[in-house]
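What the coordinates show
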Protein chains: 2
Amino acid sequence: MNRIDFAHGRVDLSHGSGGRAMARLIEQLFVAEFDNGYLGAQHDGAALPMPPAGCRLILATDSHVVSPLFFPGGDIGSLAVHGTVNDVAMCGGTPLYLTAGFILEEGFPLADLRRIVQSMAAAAREAGVAIVTGDTKVVQQGKGDGVFISTTGVGYAPASINITPRRIRPGDKILLSGHLGDHGVAIMSLRENLGFETALQSDSAALHTLVADMLRAVPDLRCLRDPTRGGLAAVLNEFALQAGCGMRIRESALPIRQEVTAACELLGLDPLYVANEGKLVAVCAPEDADTLLAAMRAHPQGRDAAIIGEAIADANQFVQMETAFGGKRMVDWINGEQLPRIC
Amino acid sequence: MNRIDFAHGRVDLSHGSGGRAMARLIEQLFVAEFDNGYLGAQHDGAALPMPPAGCRLILATDSHVVSPLFFPGGDIGSLAVHGTVNDVAMCGGTPLYLTAGFILEEGFPLADLRRIVQSMAAAAREAGVAIVTGDTKVVQQGKGDGVFISTTGVGYAPASINITPRRIRPGDKILLSGHLGDHGVAIMSLRENLGFETALQSDSAALHTLVADMLRAVPDLRCLRDPTRGGLAAVLNEFALQAGCGMRIRESALPIRQEVTAACELLGLDPLYVANEGKLVAVCAPEDADTLLAAMRAHPQGRDAAIIGEAIADANQFVQMETAFGGKRMVDWINGEQLPRIC
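All of these numbers come straight from a predicted model, not from anything done at the bench. (Residues numbered from 1 in each chain as written. Chains lettered and ligands numbered in written order. Predicted model: local features only at pLDDT ≥ 70, side-chain atom pairs only at ≥ 80, totals over all residues. Heavy atoms only, no water.)

1. As for the sheet that holds strand β13 (residues 319-322) of chain B
All names here are of chain B. As a reminder of what qualifies: Whether two strands pair comes down to DSSP finding at least two bridges between them. In this description a helix means any DSSP run of H or I spanning at least four residues, a strand means any run of E spanning at least two, and both kinds are numbered starting from the N terminus. A fitted line through C-alpha atoms represents every axis, and for helices the fit uses only the stretch in contact; the resulting angles, taken between N-to-C directions, go from 0 to 180 degrees.
An order of β9-β11-β8-β12-β10-β13-β14 is seen for the seven strands of this open sheet, with the pairing classed as mixed. Here the strands that pair on one side only, and so sit at the sheet edges, are β9 (223-225) and β14 (328-330). Across this sheet, the average inter-strand angle for adjacent strands is 25°, counted without regard to direction. As defined by bridge partners, strand β8 (residues 173-176) adjoins strand β11 (residues 281-284) across four bridges and the pair is classed as antiparallel. For leucine 175, the partnering residue across the bridge sits in β11 and is alanine 282.

2. Things to note about the interface of chain A and chain B
Selection rule: It only takes one pair of heavy atoms within 4.5 Å for two residues to be counted as in contact. Buried area: the accessible area, evaluated with a 1.4 Å probe, that two parts lose upon being put together, summed over both parts. Each reported salt bridge corresponds to a side-chain nitrogen of Lys or Arg within 4 Å of a carboxyl oxygen of Asp or Glu. N or O atoms closer than or at 3.5 Å make up a polar contact, with two conditions inside protein: a donor-capable atom paired with an acceptor-capable one, and, for residues adjacent in sequence, both atoms drawn from side chains. Under the scheme applied, nonpolar residues are Ala, Val, Leu, Ile, Met, Phe, Trp, Tyr, Cys and Pro; charged residues are Asp, Glu, Lys and Arg; polar residues are all the others, including Gly.
If you look at the interface, chain A gives 82 residues, while chain B gives 82 residues. Approximately 6,300 Å² of surface area, both sides summed, lies buried where chain A meets chain B, with 57% of it carried by carbon and sulfur atoms. Per-residue buried area on chain A facing chain B is highest for Asp44, Met50 and Arg229 of chain A; these three make up 12% of the total on that side. Across the contact surface, chain A and chain B share eight salt bridges. Linking chain A with chain B are 28 residue pairs in polar contact (both at pLDDT 80 or more). Examining the composition of the side of chain A that touches chain B, we find that nine residues originate from one element, strand β2 (residues 55-64) of chain A, more than from any other. Considered class by class, the residues forming the side of chain A that touches chain B number 40 nonpolar, 25 polar and 17 charged.

3. Here we look at the pattern of salt bridges
In plain terms, the rule: Burial classification: accessible surface area is computed with a 1.4 Å probe over protein chains only, and a residue below 20% of its type maximum counts as buried, one above 50% as exposed, and the rest as partly exposed.
For the coordinates displayed, the defined rule picks out 36 salt bridges over all chains. Salt-bridge contacts for arginine 20 of chain A lead to aspartate 332 of chain B; the nearest nitrogen and oxygen are separated by 2.7 Å. Placement of the pair is arginine 20 of chain A in helix α1 (residues 20-34) and aspartate 332 of chain B in the segment after β14, with the two residues belonging to separate chains. A salt bridge links aspartate 145 of chain B to arginine 341 of chain B; its shortest N-O distance comes to 2.9 Å. Taken together, the residues span a long stretch of sequence, with aspartate 145 of chain B in the loop between β6 (130-139) and β7 (147-158) and arginine 341 of chain B in the segment after β14 at a distance of 196 residues. The pair aspartate 145 of chain B / arginine 341 of chain B is uniform in exposure class, with both members buried. Via salt bridges that share partners, Lys173, Arg248, Arg250, Glu310 and Glu322 of chain A belong to a single interconnected network.

Take a look at the structure:
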């Protein structure tokens, strides 16, 4: 088959036709870059070694529509891998396989698509997962927005692990793995042309090795979740609702970079609601908190981890914050949308 | 939480925000309709019983961008379930779980979204699979097209099954499970306002029980594939390329409805290239062909099955058709795109 001109070519409808152009794109881009025998078999799906018996199968899925597609610290490709690996990890799972579905807009530069696919491939290699099967669709110009990527992650977790907000009890400690708001502010700065680009990078990263270390230290972890869309506020409100108790955090304990605080003030954002792509929130029994914190701080991705608050008895399931000035503030669910298409 | 007004409401950006509106949509629509404990756990992913040990894990994924969203015989929701169940089945797999990622366009009527989700739920129930985890994103008006749905299917197959075009040998028989072109022509008729709507329906259907019957009858089946985008022509050319041999089919053996032939003539389409969503192509050893055909015909979805040709030795890997008039015609890969967004 002829070589695709990746330097000058653009996506056209024939790349989604099921014909020769699509076969060529799959062969010369996806199979070449993702580079594993499962995808190379080029069947309608992949036949894979079964995860260990006696474990639970972990499944997670995400559709990625981030805009812009490229941003400091990553792009939609690396984000798609990290986001789905992290969702598997938040279930206590060891990720094994990813699937990837691409919805491409007619006219999108093939050079950009290749850059995104290469970034996905690198992120998957680094995370130790294989992108084993996929799909490509093309929509007419004006019916999409460059590239959307849907990824599904498959992994496994020991049957003994029981990570769910329903196990959270009043008195349990809330831990955060690092600085809040880097991803959301990096993207918003770019959108608003604020020139923070060099200073602030997305924190987009795969967290499964951090989670593995945490579970080794505290196998009885109550719950894990990554504060993406809706930020820390959304996670704590979900926890409160599902656990049937309240949550109290301390503003002074929250790790937030000075640049993020400054940018949030300028942009009218609240860092509690800003998306993160390489952070996690954990809840554990109070007697496990120090052990868990030590395990997190011993991992590069948990270096700045902190105990930020605790679950409390509250029939109203409110999330409250003790402010730096000693006052109290409600941290409600976000209403409306402050950061569309952040992931 | 307040009830969503599904009758009059529209998708807005807050439905993808990670906040209260999104939580409400997930709870009142997806969790309510898909109705299973895994999704009900509302975690970042699902923890599931592992498929049987000693089997292979089967994974398949599809992004669906069909336009229009509703068509005679189905809609994007049922199509998304059938398409992915079928991709698992084409690997010889028994489907167990589905994931679903929605990319919604701002302004899309919630009534239509509910109709699509209900149709997905019904199709999943009928196929005996559970939609266990999902994701919802919203893009601004003009950056999407109503609804895109990405589905991933997970299943298992006995380790002994080895379904791959690489096993096809000259002399092997090619079987087709039923009439060609129904899906593509039903959609094109609707788009072109041709008024065939009442007569012609999409063949969209889940084929996994047909495949199970076929594998029971002929466990050594060489290959299976569903002729979706690019139609029968694409499947046969893929087989030829991957098997390193030629393919010869007989026009007179192809089951095609009269309405499809007529519509194709009117629309300038060739039924060999038109998408199907409830048909499969199988290849088996010549001595197994009658047994396989009998097993297919005994299943409601294989009632009109036929042996349509055979693999032949051909270093050029050409696909040829003996025409009804006794001539010969090349059946090349499709060039360009005759039916954009057919699935």
